[in-house]
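This is what each chain is made of:
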Amino acid sequence: MTEQRVLVTGGTGYIGGELIDQLLKKGWAVNTTVRSKAKSESRLRNRWPDAGDRLQIFEADLMSDSGWAEANQGCTHVAHVASPFPMAVPSNADELIVPAREGTLRALRFAKDAGVTRFVQTSSAAAIAYGHGGAKTLFDQNDWTNLDAPNVAPYIQSKTVAERAARDWVLENAPEMEFCSVNPVAVLGPVENDDLSTSVEMIKMLMDGSVPLIPNMGIGVVDVRDVAKTHLLALEAPAETVNGERFPASQSFLWMADMAATLRQRVPEHAKKVPTGNMPDFLVKILALFMAEMKQVKGELGNLRDVDGSHTTKTLGFDYIPAEQSIEDTARSLVAHGIIKG
Ligand code: NAP
């Protein structure tokens, strides 16, 4: 096979890094974008010391045209992973929506100009499962987040708007380009460094004592290795298997209490600070008046929001790593990197 080159945007990220790793192991050549080469190039080179020219690193920001033409050069495929995913909720939703939407459209535009034939967008379960009230508890690739509902969080808006914008743009401007999205729930699994994705912060906070009681909330969980694998297979599968698809990546829904129990069972030696008591709902509501993190949690109290990821495994042909294993591997890697002490 002649070497194929793929652009992975956001090579410094949790998912982007794992995807680059799997692509290089499968023989792909990879271009990647970072916001600052000065900050990130040596970290990336140290992670893949043998990649040589098979890994090329370009500076490009979602909010500027600079660097995107160079980053796409020689690529037949794009995995557009980069998007803002901060821990804090911004006061102005546009801080997330604008880079998510503009960045996606910019990535698509430059990909088309470079002759890219397949584009895989990292969307999210955030574009599937929100704004439907508490009565609907099971979601799949056919569902869309309802942006007309009140109090849809800025990050959720940003991912929904970006996926819709991408699909509309492709239909109108590049119908010949093969396009699909990957829609993960909360991503866990081994970390490579101390620059933690927001999803991993959840496990860190359960382990480091910053959550004294467990709020009555839950979330879908999937392993970062499976999210990267979904992207890889979506890049490699025949066009008729992937074109237009949405691939939800979700192993199972877990309550926070289940996650805490898994940590106590599987990594007891590092679970001394993992909370055992439940936080009453009224306390979460009071704390939400004062603490930004609690504001996000408040709207999720008691909500079962399960995203069925079986369409993805059936279509692309693999099995998910069990969520309990992902939680254990997250915890052990946080300890191995010295992020959780003792
Ligand atoms: P992450 O580790 O925080 O990575 C985010 C990446 O996006 C980083 O490489 C970051 O670059 C880049 N980025 C952010 N703003 C940018 C900008 N203005 N210009 C250029 N690059 C920018 O998060 P992640 O978990 O890997 O998330 C990656 C993707 O997966 C995102 O699209 C996210 O929405 C999606 N996702 C994540 C989860 C999850 O639970 N982790 C679930 C569903 C979907 P810097 O290093 O320069 O900041």
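Residues numbered from 1 in each chain as written. Predicted model: local features only at pLDDT ≥ 70, side-chain atom pairs only at ≥ 80, totals over all residues. Heavy atoms only, no water.

Undergrad: Would you mind going over the nonpolar core with me for this structure?
TA: If you look at soluble globular proteins, the nonpolar side chains tend to sit buried side by side. Residues Leu23, Met259, Leu263 and Leu334 are the most contacted members of the largest nonpolar core, which totals 77 residues. Filtering out sequence-adjacent residues up to four positions away, Leu23 remains in contact with Val6, Val8, Trp28, Val30, Arg54, Leu232 and Leu235. Cys75, Ala166, Trp169 and Val170 belong to the second-largest nonpolar core, a separate cluster that totals 21 residues. (Core = buried A, V, L, I, M, F, W, Y, C linked by side-chain atoms within 4.5 Å. Buried < 20%, exposed > 50% of the residue type's maximum accessible area, 1.4 Å probe, protein only. Contact = heavy atoms within 4.5 Å.)

Undergrad: When you look at the side chain of Thr230 in this model, what are you seeing that I'm missing?
TA: Within the element layout of this structure, Thr230 appears in helix 7 (residues 224-236). Beyond its immediate sequence surroundings of up to four residues, Thr230 is in contact with Val182, Phe247, Thr312, Leu316 and Phe318. (Helix = DSSP H or I, 4+ residues; strand = E, 2+ residues; numbered from the N terminus.)

Undergrad: What is the right way to look at empty space enclosed by the protein in this model?
TA: Sizing a probe to match a water molecule and rolling it over the atoms shows the empty space that remains. The tally for this structure, following the rule as stated, stands at two cavities of 30 Å³ or more. By volume, the largest cavity amounts to about 50 Å³. The wall of the largest cavity is formed by His80, Ala82, Ser83, Thr104, Gln121, Thr122, Ser123, Lys159, Ala162 and Glu163. Elements represented by at least two residues in the lining of the largest cavity include exactly strand 5 (118-122) and helix 5 (154-173). Per-element tally for the lining of the largest cavity: the top contributor is helix 5, with three residues. Here the residues of the lining of the largest cavity are counted per class, giving two nonpolar, six polar and two charged. There is about 30 Å³ of room inside the second largest cavity. What lines the second largest cavity is simply Gly133, Gly134, Lys136, Asn303, Leu304 and Arg305. (1 Å grid on protein atoms, 1.4 Å probe; cavity = no way out; pocket = protein on both sides within 12 Å on 5 of 7 lines; lining within 4 Å. Points joined across faces, edges and corners; volume = space filled by probe spheres on them. Nonpolar A, V, L, I, M, F, W, Y, C, P; charged D, E, K, R; others polar.)

Undergrad: In this structure, what is going on with the packing of aromatic side chains? I would like to understand it.
TA: A ring pair, where both rings are aromatic, is described by two values, the distance of the centres and the angle of the planes. Using the criterion set out here, one finds four aromatic pairs in the structure. Judged by centre distance (6.1 Å) and plane angle (15 degrees), the rings of Phe119 and Phe179 are stacked. Here Phe119, found in strand 5, pairs with Phe179, found in strand 7 (residues 178-184); they are 60 residues apart in sequence, far enough to count as distant. Residue classification places Phe179 among the buried residues on the basis of a relative accessible area of 4%. Taking the centre distance of 5.0 Å and the plane angle of 85 degrees together, the rings of Phe253 and Trp255 count as edge-to-face. A residue is classified by how much of its surface remains accessible, and Phe253, at 12% relative accessible area, is buried. Looking at Arg164, its charged tip hangs above the ring of Trp144, at a distance of 4.0 Å from the centre. Positioned above the aromatic ring of Trp144 is the side chain of Arg246, whose terminal nitrogen or guanidinium carbon lies 3.7 Å from the ring centre. (Phe/Tyr/Trp six-rings, centres within 6.5 Å; stacked < 30°, edge-to-face > 60°. Lys NZ or Arg CZ within 6 Å of the ring centre and 35° of its normal.)

Undergrad: Would you mind showing me how to read the sheet that holds strand 11 (residues 246-249) here?
TA: Neighbouring strands of a sheet are bound in pairs by backbone hydrogen bonds; such pairs are parallel or else antiparallel. As summarised here, the arrangement of the seven strands in space is 3-2-1-4-5-7-11, forming an open sheet in which the pairing is parallel. Single-partner strands in this sheet number two, and they are strand 3 (55-59) and strand 11. Neighbour to neighbour, the strand axes of the sheet diverge by 20 degrees on average, direction disregarded. Here strand 5 runs beside strand 7; their pairing, made up of five bridges, is parallel. Its bridge partner being in strand 7, Val120 is matched across the sheet by Cys180. Across the face of the sheet, helix 4 (residues 94-113) comes into contact with strand 4 (77-80), strand 5 and strand 7 while running at roughly 170 degrees to strand 5. (Pairing = 2+ DSSP bridges. Axes fitted to C-alpha atoms, helices over the stretch in contact; angles between N-to-C directions.)

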